Amino acid sequence: MPALPEMTLSSHAVDFIDDAALVDLLLNARPDPAQVRDIIAKSLDKEPLSPAETATLANVEDPDLIEDIFQAARKLKHDVYGNRIVLFAPLYVGNACLNDCAYCAFKSSNTEAVRRTLDQLELRQQVEALENRGHKRLILVFGEHTDYDAAFIAECERTVYSVHSGRGEIRRVNINAAPMDHDGFRTIKDAGIGTYQVFQETYHHDTYRRYHPAHTRKGDYLYRLDALDRAFEAGCDDIGIGALFGLYDWRFELLGLVSHALHLQQRCGVGPHTISFPRIRRAQGVTIDPAYLVPDDQFKRVIAILRLAVPYTGLILTARETPELRREAISFGVSQIDAGSRIELGGYTEAGDAQVLECEQFELGDIRPLDAVMRELLINGDIPSFCTSCYRVGRTGEQFMEYAVPGFIQRFCTPNALTTLMEYLVDYASLETRAAGERLIVQELAKMPDGAMKTDLQARLNKIQTTDTRDLYF
Ligand code: SAM
Ligand code: SF4
């Protein structure tokens, strides 16, 4: 078996997850109504919640108080993010893997998996297919293998940015790949990474050991927990955390995520840009232990409580979930979704309409094409956004946190969402989607106060409709 390089940790690596302390918080948090309402009020003031306050919300069982949590999450979502929803697509580059995570079809012990790594030409073809559907933001996904070192990942980033087919190009490349050392993070940063994302999977140490064999790289809990500190030290200041729900008690994982966000805020001066909370799905060669599976009603609470606990952090809900659940979750928390996703290697050109379980990591719950997802969002009054402006003008990390305040949305986010939406409508949309989109743009313009900003935006929208000029971001 090929050997992975030596491990190095960040300068002050520390295991900041104290299982006993988190369990204690959950055992002792008594959600009396006055206290719950105080915590909700703090969150509505856009202050992050502590793990103790999060534990109190997680322990709420009174249906009226649960409804208060959802209502507050809806309001906060609206106040901080408006009605925009950011869209992206995953692109699986390679599923070779030296780890043996018990829940994943790519695990090394799954001998049925068809292993494949896209070469740069095949990667270009996938990118062309995605561009021709209208995507502007991708996340590249990799197994953990010596073949997928930082130099290879950087080469993939550069390849993606170099593809310009038709009217489109990918403007932001995020990465979900195994943790690296500082040099590795510098290499992928230099190639133009957007967000670097890695999930702890479970914050509970015993459970972590159970799912990740000790002889594998991923078996080292601290090496993974410390990944984003290293990324930050190496200059990747736009980072995403996550936990795989279904491995252990959802309340504990919620506190793990909030503790991690707090740690990054304290240690790096900036919290995570995004949090992901995938729920475990059926996968080839995987037997799922049902003990901690999270039913829909509790999963929705996870999302609403996260929304309240980290007001300025983007929440990502992927196509693992059904269209119905995604639709609902957008209203009270989720700010980013993928759409038109295929997770088979080469799936954007080769798979047709069927899911191919031998070639993919797990089964998806939403395999509608991008145009259908766009149409649904538009009809519901949400503005699908392909905006990549902050990252490209340097508004990331700490700067992004400063800007993510009311006023910023009106000045930058909504106008950029509308110009990128107009690009989609003109260049890629079906007639029905285009009609729904144009109606929404008219409604959004009507909400804006008259003035220079609105005039400028109208001119840009008009230019996109009538000329070949694109990428007119604020
Ligand atoms: N190999 C890298 C790693 O482990 O960090 C890349 C990530 S993996 C390809 C992306 C994520 O998929 C994992 O971090 C895990 O949370 C999730 N995942 C794995 N198996 C899953 C399953 N059966 N259902 C849902 N999500 C799963
Ligand atoms: Fe490999 Fe990642 Fe799957 Fe674990 S989750 S087996 S590391 S691809």
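Residues numbered from 1 in each chain as written. Chains lettered and ligands numbered in written order. Predicted model: local features only at pLDDT ≥ 70, side-chain atom pairs only at ≥ 80, totals over all residues. Heavy atoms only, no water.

### Quick look at the overall build of the protein
- If you tally the helices and strands in the protein, you get 20 helices and eleven strands.
- In summary, the protein has a C-alpha radius of gyration of 21 Å against a globular reference of 23 Å for 474 residues, a match within 12%.
- Over its C-alpha atoms, taken along the principal directions, the protein stretches across nearly 60 × 60 × 40 Å.
- Relative to its full complement of 474 residues, the protein shows a buried share of 61%.
- Expressed as a percentage of contacts within the protein between residues at least 6 apart in sequence, the contacts between residues at least 24 apart total 75%.
- Roughly 18100 Å² of accessible area belongs to the protein as shown, and the carbon and sulfur atoms make up 52% of that amount. (Helix = DSSP H or I, 4+ residues; strand = E, 2+ residues; numbered from the N terminus. Rg over C-alpha atoms; globule rule 2.2 N^0.38 Å. Buried < 20%, exposed > 50% of the residue type's maximum accessible area, 1.4 Å probe, protein only. Contact = heavy atoms within 4.5 Å. Areas by Shrake-Rupley, 256 points an atom, 1.4 Å probe, with all protein chains shown as cover.)

### Let's talk about the domain arrangement of the protein
- In terms of domains, the protein is made up of domain 1 (19-76), domain 2 (82-403) and domain 3 (408-466).
- Opposite the 28 residues of domain 2 that make contact, domain 3 presents 25 residues.
- Carbon and sulfur atoms supply 61% of the area that domain 2 and domain 3 bury against each other, a total of about 2100 Å² over both sides.
- At the boundary of domain 2 and domain 3, one finds two salt bridges.
- The partner of Glu-432 in a salt bridge is Arg-375, with the nearest N and O atoms 4.0 Å apart.
- Looking at the side of domain 2 that touches domain 3, the elements with two or more residues in it are α5 (120-133), α15 (370-379), β11 (383-385) and α16 (389-392).
- By residue number, the principal contributor to the side of domain 2 that touches domain 3 is α15, which donates six residues.
- Its residues assigned to classes, the side of domain 2 that touches domain 3 comprises ten nonpolar, eight polar and ten charged. (Domains from an automatic or database assignment. Buried area = accessible area lost by both parts, 1.4 Å probe. Salt bridge = Lys/Arg side-chain N within 4 Å of Asp/Glu carboxyl O. Nonpolar A, V, L, I, M, F, W, Y, C, P; charged D, E, K, R; others polar.)

### Section: the pairing of strand β1 (residues 84-94)
- Where burial is concerned, most of β1 is hidden: eleven out of the eleven residues are buried.
- Direction of pairing for β1 relative to β11: parallel, over a ladder of three bridges. Among the inter-strand pairings, Ile-85 is bridged to a residue of β11, identified as Pro-384.
- The pairing of β1 with strand β10 (residues 336-338) spans three bridges and is classified as parallel. (Pairing = 2+ DSSP bridges.)

### Considering the pairing of strand β6 (residues 193-197)
- With respect to burial, β6 is a largely interior element, five of its five residues being buried.
- Here three bridges tie strand β5 (residues 172-176) to β6, and the two strands are oriented parallel to one another. Residue pairing for β6: Ile-175 is matched across the bridge by Tyr-196.
- In this region the chain leaves β5, passes through helix α7 (residues 182-190) and returns to the parallel neighbour β6; the handedness of that crossover is right-handed.
- Of the pairings in the sheet, the one linking β6 to strand β7 (residues 239-242) comprises two bridges and is parallel in character. Directly across from Tyr-196, in β7, lies its bridge partner Ile-239. (Right-handed = clockwise from strand over helix to strand, strands pointing away.)

### Quick notes on the site of ligand 1
- Within the structure, ligand 1 sits among 20 residues, and Tyr-103, Glu-201, Lys-218, Arg-224 and Arg-281 are positioned closest to it.
- One of the side-chain N or O atoms of Lys-218 is found 2.8 Å from an oxygen atom in ligand 1.
- Measuring from an oxygen atom of ligand 1, one finds a side-chain N or O atom of Arg-224 at 2.6 Å.
- Taken by itself ligand 1 offers 570 Å² of open surface, and the protein chains cover 97% of this.
- Within the shell around ligand 1, the residues separate by chemical class into ten nonpolar, three polar and seven charged. (Near = heavy atom within 4 Å. Polar contact = N/O pair within 3.5 Å; in protein donor to acceptor, adjacent residues only side chain to side chain.)

### As for the packing of aromatic side chains
- Summed over all chains, the structure comprises 13 aromatic pairs.
- Judged by centre distance (6.2 Å) and plane angle (80 degrees), the ring pair of Phe-142 and Phe-152 falls under edge-to-face. Of this pair, Phe-142 sits in strand β2 (residues 137-142) while Phe-152 sits in helix α6 (residues 150-162), and the two are ten residues apart along the sequence. Judged on exposure class, the residue Phe-142 and its partner Phe-152 are both buried.
- Members of the aromatic cluster, each reached through a chain of ring pairs, are Phe-142, Tyr-148 and Phe-152.
- Across from the ring centre of Tyr-223, 4.1 Å away, lies the NZ or CZ of Arg-230, which sits over that ring.
- Here the basic side chain of Arg-460 rests over the ring of Phe-474, its NZ or CZ set 3.8 Å away from the ring centre. (Phe/Tyr/Trp six-rings, centres within 6.5 Å; stacked < 30°, edge-to-face > 60°. Lys NZ or Arg CZ within 6 Å of the ring centre and 35° of its normal.)

### Overview of the nonpolar core
- With 148 residues, the main nonpolar core has Phe-142 and Phe-277 as its most contacted residues.
- Of all the elements, helix α18 (residues 408-427) adds the most residues to this core, at eleven residues.
- With near-sequence residues (within four places) excluded, Phe-142 lies in contact with Val-93, Gly-94, Tyr-148, Phe-152, Ile-153, Cys-156, Ile-175, Asn-176 and Ala-177. (Core = buried A, V, L, I, M, F, W, Y, C linked by side-chain atoms within 4.5 Å.)

### Focus: unusual backbone geometry
- Residues other than glycine seldom take positive phi values, yet Lys-46 does so here, at roughly 65 degrees.
- Relative to the assigned elements, Lys-46 resides in the loop between α2 (33-44) and α3 (51-58).
- Residues other than glycine seldom take positive phi values, yet Glu-201 does so here, at roughly 75 degrees.
- Given a relative accessible area of 7%, Glu-201 falls into the buried group.

### Looking at α6
- Taking 1.5 Å per residue as the helical rise, α6 with its 13 residues ought to reach 18 Å, and the 18 Å between its terminal C-alpha atoms agrees with that figure.
- Along α6, the positions that sit buried rather than exposed are Ala-150, Phe-152, Ile-153, Ala-154, Cys-156, Glu-157, Thr-159 and Val-160.
- On the buried face of α6, the contacting elements are β1, α5, β2, β5, α7 and β6. (Expected span 1.5 Å × (residues − 1).)

### Points about the packing of helix α11 (residues 250-268) against helix α12 (residues 296-309)
- Put simply, α11 and α12 touch, their axes get as near as 11 Å, and they point 20 degrees apart. Taken together, the axes of α11 and α12 lie roughly parallel to each other. Relative to α12, the crossing made by α11 is right-handed. On α12, the residues touching Trp-250, Arg-251, Leu-254, Leu-257 and Val-258 of α11 are Gln-298, Arg-301, Val-302, Ile-305, Leu-306 and Ala-309. (Axes fitted to C-alpha atoms, helices over the stretch in contact; angles between N-to-C directions. Parallel < 35°, antiparallel > 145°, perpendicular 65-115°, else oblique. Left-handed = near helix turned anticlockwise from the far one by under 90°.)

### Comments concerning the side chain of Glu-131
- Its location among the elements puts Glu-131 in helix α5.
- Here the side chain of Glu-131 touches Ile-170 through a polar contact of 3.2 Å, landing on its backbone nitrogen.

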